[in-house]
Amino acid sequence: MDIMAELNKIIDDYKGEHVALDENTIFDELGLDSLDKLELMMEMEDRFGIQFPDDPSELVITTAGDLKAKIAELMA
């Protein structure tokens, strides 16, 4: 599974517009508020069959590349 392609689909569907994510895309620049991020995390958990940690300190994710790496780690 191409994680970055799936992330692009999830973000595109959520925002209702195409957002070209790459490894260096910074999530804070996408204009997502905390509720948006929570809803997206739940969608990613469903789509990838993973469970993000409940402790936010365990999720240091700034870029799409960070998120891709975390998803890959959780899928392993």
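Here goes a summary of the coordinates provided. These figures come from a predicted structure and were not determined experimentally. (Residues numbered from 1 in each chain as written. Predicted model: local features only at pLDDT ≥ 70, side-chain atom pairs only at ≥ 80, totals over all residues. Heavy atoms only, no water.)

**Things to note about the environment of isoleucine 11**
1) Next: Assignment of secondary structure puts isoleucine 11 in helix H1 (residues 3-15).
2) Next: The exposure class of isoleucine 11 is buried, given its relative accessible area of 1%.
3) Next: It is 11 Å that separates the C-alpha atoms of isoleucine 11 and phenylalanine 27, two residues lying 16 residues apart in sequence.
4) Next: With sequence-adjacent residues up to four places away left out, isoleucine 11 is seen in contact with Val19, Leu21, Phe27 and Leu40. (Helix = DSSP H or I, 4+ residues; strand = E, 2+ residues; numbered from the N terminus. Buried < 20%, exposed > 50% of the residue type's maximum accessible area, 1.4 Å probe, protein only. Contact = heavy atoms within 4.5 Å.)

**Brief notes about the nonpolar core**
1) Next: Among the nonpolar cores identified, the biggest contains 19 residues, and Leu7, Met44, Phe48 and Ile71 are the most heavily contacted of them.
2) Next: Put simply, the parts of the chain that give this core at least two residues each are H1, helix H2 (34-48) and helix H3 (64-75).
3) Next: The element that contributes the greatest number of residues to this core is H1, accounting for five residues.
4) Next: Ignoring sequence-local partners within four residues, the contact set of phenylalanine 48 consists of Met1, Ile3, Glu6, Leu7, Ile10, Ile71 and Met75. (Core = buried A, V, L, I, M, F, W, Y, C linked by side-chain atoms within 4.5 Å.)

**Things to note about the side chain of asparagine 8**
1) Next: Residue placement: asparagine 8 occurs in helix H1.
2) Next: Beyond its immediate chain neighbours, meaning those up to four positions away, asparagine 8 contacts Val19, Ala20 and Leu21.

Just geometry here; none of it tells us what the structure is for.
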